Amino acid sequence: STRTVKLDYASAEMLQKMLSFACGEFGSKKKEAKQMTGNDAMDLIQLADRLDMPPLHEACVKVLMSVLTSENAQDIHTCAIASNAPDLAAKARTILDTRAHSHVIRSLHDKSRQLLDARVKKEAERKALEKELETLDTRIRNAENKIAFEVEKA
């Protein structure tokens, strides 16, 4: 009996890579095998999950773990969730959380620097006002002395 399976959700290129993987010609440890890229793995992992191909799925996870960075963590996290790769999703989530935490720290550091700059500016303004106040106090004392002198003279 013959059974037809529709694979219209996968490109011919991905199906070729999947079959090459199954034959050991792609993404395997053989020296002559073409190596799987991160982009290949992103495409193939969902196909491997859908067709229940654990060896291909595991190879894709391994490649994606090796190329995971803060720049691609969101895409890999989304892909890992969609393709039933919880360890990969967890590692990507950790990177995303760390990146978010770093952003918060950087933001707080920037705010702290702004506040320190504002404090320095206000301190300079305060010193200028104190100097102005001293000048006014001196002028008031001089005026009071003149008034006292004029009163005595009169």
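Overview of the packing of aromatic side chains
Part 1 of the argument: Summed over the entire model, instances satisfying the criterion amount to 0 aromatic pairs.
Part 2 of the argument: Its guanidinium or amino end placed over the ring of Y9, R50 lies 3.5 Å from that ring's centre, counting from NZ or CZ.

Digging into the side chain of D40
Part 1 of the argument: With respect to the helices and strands, D40 occurs in helix 2 (residues 38-50).
Part 2 of the argument: Residue D40 is classed as buried on the basis of its relative accessible area, which comes to 5%.
Part 3 of the argument: Among residues more than four places away in sequence, those in contact with D40 are M14, K17, F26, K34 and Q35.

Some remarks on helix 4 (residues 73-82)
Part 1 of the argument: For helix 4, the full list of buried residues reads A73, I76, H77, C79 and A80. With its buried residues spanning 165° around the axis, helix 4 presents them on a single face. Across from the buried face of helix 4, at angles greater than 90 degrees, the exposed residues are D75, I81 and A82.
Part 2 of the argument: The elements touched by buried residues of helix 4 are helix 2, helix 3 (54-67) and helix 5 (86-153).
Part 3 of the argument: Looking at the residues trailing helix 4, positive phi occurs at N84, about 55°.

Cut-off values and rules
- Residues numbered from 1 in each chain as written.
- Predicted model: local features only at pLDDT ≥ 70, side-chain atom pairs only at ≥ 80, totals over all residues.
- Heavy atoms only, no water.
- Phe/Tyr/Trp six-rings, centres within 6.5 Å; stacked < 30°, edge-to-face > 60°.
- Lys NZ or Arg CZ within 6 Å of the ring centre and 35° of its normal.
- Helix = DSSP H or I, 4+ residues; strand = E, 2+ residues; numbered from the N terminus.
- Buried < 20%, exposed > 50% of the residue type's maximum accessible area, 1.4 Å probe, protein only.
- Contact = heavy atoms within 4.5 Å.
- Arc of directions from axis to C-beta.

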